[in-house]
Amino acid sequence: PQGPKFTITMQVSNHHFYWGGIWNSPRLAAPEVAYQEEVRNTVRTTILLAIFLTVSMFNLIQFTLRTSDPLPIIISASCLLLGMREMESSQVMHIADIMSWSWETNVRVNFLTFYVTAAVLVSYFHISFPKDYNRKIMTVIYLVSGAFSLLVLLTPPKIFSESMPWFQGFVVLL
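All of these numbers come straight from a predicted model, not from anything done at the bench. (Residues numbered from 1 in each chain as written. Predicted model: local features only at pLDDT ≥ 70, side-chain atom pairs only at ≥ 80, totals over all residues. Heavy atoms only, no water.)

Chemist: For helix 5 (residues 135-154), give the residues involved together with the corresponding values.
Modeler: With 20 residues, helix 5 ought to run about 28 Å at 1.5 Å a step, and its terminal C-alpha atoms sit 28 Å apart, in line with that. N-cap assignment for helix 5: the residue whose side-chain oxygen lies 2.8 Å from the backbone N of Lys136 is Asn134. (Helix = DSSP H or I, 4+ residues; strand = E, 2+ residues; numbered from the N terminus. Expected span 1.5 Å × (residues − 1). Polar contact = N/O pair within 3.5 Å; in protein donor to acceptor, adjacent residues only side chain to side chain.)

Chemist: Can you break down the side chain of Thr45 residue by residue, with the values?
Modeler: Locating Thr45 in the fold gives a position in helix 1 (residues 31-65). If sequence neighbours within four positions are ignored, Thr45 has contacts with Glu86, Ser90 and Val92. (Contact = heavy atoms within 4.5 Å.)

Chemist: How would you explain the pattern of salt bridges if you had to name every residue and give the values?
Modeler: Applying the stated criterion across every chain, the model contains four salt bridges. A salt bridge links Arg66 to Asp69; the shortest N-O distance between them is 3.2 Å. For Arg108, the salt bridge goes to Glu104, with nearest N and O atoms at 3.0 Å. Here Arg108 pairs with Glu104, and both are found in helix 4 (residues 103-128), just four residues apart, close to one helical turn. (Salt bridge = Lys/Arg side-chain N within 4 Å of Asp/Glu carboxyl O.)

Chemist: Describe the packing of aromatic side chains, and please don't skip the residues or the numbers.
Modeler: Scanning the model with the defined rule gives nine aromatic pairs in all. Ring geometry for Phe111 and Tyr115: centres 6.1 Å apart, planes at 85 degrees, overall edge-to-face. Taken together, the residues span about one helical turn, with Phe111 and Tyr115 both in helix 4 at a distance of four residues. The residues Phe111 and Tyr115 share a single accessibility class, namely buried. Here Tyr115 and Phe148 contribute two aromatic rings whose centre-to-centre distance is 5.4 Å and whose plane-to-plane angle is 65 degrees, an arrangement assigned as edge-to-face. (Phe/Tyr/Trp six-rings, centres within 6.5 Å; stacked < 30°, edge-to-face > 60°. Buried < 20%, exposed > 50% of the residue type's maximum accessible area, 1.4 Å probe, protein only.)

Structure below.
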């Protein structure tokens, strides 16, 4: 800027998503500082993904050794889902230029992983403590999670993005 005052204009539009607009606070920084922050975020995401993948693979091996116990496969599935959610929300695959999904696919992965992971995690507790969980309530939880997942798969983001506050409320009631 030429003087002590300047104006920054941000034009943001998103007519295809319920939560359109700016998702993160804008920050001004020197290029080196911005790059260092991006590297820190990428390293954090890489470590999280490595942990999720390691736990998932370990539990898959445990399941192959003892197929009568379903808990390791549930833990493995939940770790894979959480890893996919972290990959999508952090955009690390796009930053590294490894994969390029469309915006609509990213949003679908984001919502679908949340809806499915909720059911998978509840099933872990249901199987661990079968006497403490009512079978009918568990069926309702699975059906609601399945219905919201189908909504994500069968409708455009403008429609299914409005379902998140409802599902979050449902999860809080769990």
